[in-house]
Amino acid sequence: MVLALLVGGVVVALVVVGLFVFGLRRRLIQRSGGTFDCSLRWDPPPSESEPSGKGWVYGVARYNGDRVEWFRVFSYAPRPRRILERASIEVLERRTPKGEEELALLSDAVVLACRHGGTRLELAMSDDALTGFLAWLEAAPPGQRVNVA
């Protein structure tokens, strides 16, 4: 009986510590400002008539100079999972979520299809975050090529 209570207490303590670390990590990412909620789908299948909800990963993006750092929400990693350089981002299309994507993404999300280097990717963010992202892309220093559709 005592052993079961001890094991149960340890499990509850580990869950509480794990949740605290998730919250602390997110607070540290957001501390420098310039963050927004952003789902990412890296290298999605080519143009589907009815896109699936597969491949979307929920995350937080942070502006850092001429790049956007993208962090997975459900991770303990202190470093960004993906780094998108402003000069390498080419916007291909803007659309609303279709089909199963509506279930996989946040309710007010707008999908932005892009190319980064030679890789296709899709970003899903709120309309306000999209306005800020497009403004950030267009605010590139003189002499940098920016491709916004």
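Check the entry above for the structure.
These notes cover the structure that comes with them. (Residues numbered from 1 in each chain as written. Predicted model: local features only at pLDDT ≥ 70, side-chain atom pairs only at ≥ 80, totals over all residues. Heavy atoms only, no water.)

1. A closer look at the sheet that holds strand S6 (residues 89-95)
Taken in spatial order, the four strands of this open sheet run S2-S8-S7-S6, and their pairing is antiparallel. At either end of the open sheet lies a strand with only one pairing partner, and these are strand S2 (39-42) and S6. Taken pair by pair, the neighbouring strands of this sheet meet at an average axis angle of 25°, ignoring direction. Bridge count for strand S7 (residues 109-116) against strand S8 (residues 119-126) is eight bridges, and the pairing is antiparallel. By the bridge assignment for S8, Cys-114 is matched with Leu-121. On the sheet, helix H3 (residues 127-138) packs against S6, S7 and S8 and is oriented at approximately 130° with respect to S8. (Pairing = 2+ DSSP bridges. Helix = DSSP H or I, 4+ residues; strand = E, 2+ residues; numbered from the N terminus. Axes fitted to C-alpha atoms, helices over the stretch in contact; angles between N-to-C directions. Contact = heavy atoms within 4.5 Å.)

2. Comments concerning the side chain of Arg-62
Relative to the helices and strands, Arg-62 is located in strand S3 (residues 59-64). Here Arg-62 falls in the buried class, since its relative accessible area comes to 16%. Among the polar contacts listed, one links the side chain of Arg-62 to the side chain of Glu-69, at a separation of 2.6 Å. What Arg-62 contacts, discounting residues up to four positions off in sequence, is Leu-28, Ile-29, Ser-32, Gly-33, Gly-34, Thr-35, Arg-67, Val-68, Glu-69 and Phe-71. (Buried < 20%, exposed > 50% of the residue type's maximum accessible area, 1.4 Å probe, protein only. Polar contact = N/O pair within 3.5 Å; in protein donor to acceptor, adjacent residues only side chain to side chain.)

3. Quick look at the sheet that holds strand S5 (residues 82-85)
An order of S1-S3-S4-S5 is seen for the four strands of this open sheet, with the pairing classed as antiparallel. For this open sheet the edge positions go to strand S1 (35-37) and S5, each flanked by a neighbour on one side alone. Along the sheet, successive strands turn relative to each other by an average axial angle of 25°, direction set aside. By the bridge criterion, four bridges tie strand S4 (residues 67-72) to S5 in an arrangement that is antiparallel. The residue bridging Glu-69 from the neighbouring strand is Ile-83, located in S5. Packing against the sheet, helix H1 (residues 2-30) makes contact with S1, S3 and S4, and its axis sits at approximately 25° to S3.

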